[in-house]
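These are the residues of each chain, in order.
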Amino acid sequence: DENLIDMTPMIPIQNKGLCTICDVTVWVITIQPPTTPEEPQYDENLYGLEIKWCKGCKNFRPWAAFGTKGKVTKCFRCRERQRTKYKQNCEKKRKEKIKEEETKSGTNE
């Protein structure tokens, strides 16, 4: 069945061992309270924290870090960094094109 193939999780190299189903899921941290003093103690503030894998940071981030767009794959910080990089690349290409046109018009005279 083709639908089963689509649901088969894969673990891409760039995902640091996280499968393709888990990297789009929002996770809620649930911590069992320790039953003995030897068990590790966890920060109570973590309980109920919603986290999601950021494909930019390659790390889990609080779901709130994804802003109002909960379905996106990169946190706000990574999307902003990508936006800045894209603008810089566009500006670089624009300057190269202007320089190329100036070079062509300078040799045509």
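Below: a short report on this structure.

Digging into the overall build of the chain
A tally of helices and strands in the chain yields 2 helices and 3 strands. For the chain, the α and β elements follow one another from N to C terminus as α-β-β-β-α. Against the compact-globule benchmark of 13 Å for 109 residues, the chain has a radius of gyration of 23 Å, which places it well outside the compact range. Overall size of the chain, expressed as C-alpha extent along the three principal axes, is 85 × 40 × 25 Å.

A closer look at the sheet that holds strand β2 (residues 50-54)
Pairing is antiparallel across the open sheet formed by 3 strands, whose spatial order is β1-β2-β3. Where the open sheet ends on each side, the last strands, each with one partner, are β1 (26-28) and β3 (59-62). Pairs of neighbouring strands in the sheet enclose a mean axial angle of 40 degrees, with direction left out of account. Relative to β3, β2 runs antiparallel, the two sharing 4 bridges. Residue pairing in the sheet places W53 in a bridge with F60 of β3.

Side note on the packing of aromatic side chains
Per the counting criterion, the structure on display carries 1 aromatic pair. Each ring, one from W53 and one from F60, has its centre 5.3 Å from the other, and the planes form 75 degrees; the classification is edge-to-face. Of the residues examined, F60 reaches a relative accessible area of 33% and is grouped as partly exposed. The ring of F66 has K52 lying over it, and the distance from NZ or CZ to the ring centre is 5.2 Å.

Remarks on the environment of E80
Secondary-structure assignment places E80 in helix α2 (residues 76-107). When its relative accessible area of 32% is taken as the criterion, E80 is described as partly exposed. In this structure, the C-alpha to C-alpha distance between E80 and N59, residues 21 residues apart in sequence, is 17 Å.

Quick notes on the rules
- Residues numbered from 1 in each chain as written.
- Predicted model: local features only at pLDDT ≥ 70, side-chain atom pairs only at ≥ 80, totals over all residues.
- Heavy atoms only, no water.
- Helix = DSSP H or I, 4+ residues; strand = E, 2+ residues; numbered from the N terminus.
- Rg over C-alpha atoms; globule rule 2.2 N^0.38 Å.
- Pairing = 2+ DSSP bridges.
- Axes fitted to C-alpha atoms, helices over the stretch in contact; angles between N-to-C directions.
- Phe/Tyr/Trp six-rings, centres within 6.5 Å; stacked < 30°, edge-to-face > 60°.
- Buried < 20%, exposed > 50% of the residue type's maximum accessible area, 1.4 Å probe, protein only.
- Lys NZ or Arg CZ within 6 Å of the ring centre and 35° of its normal.

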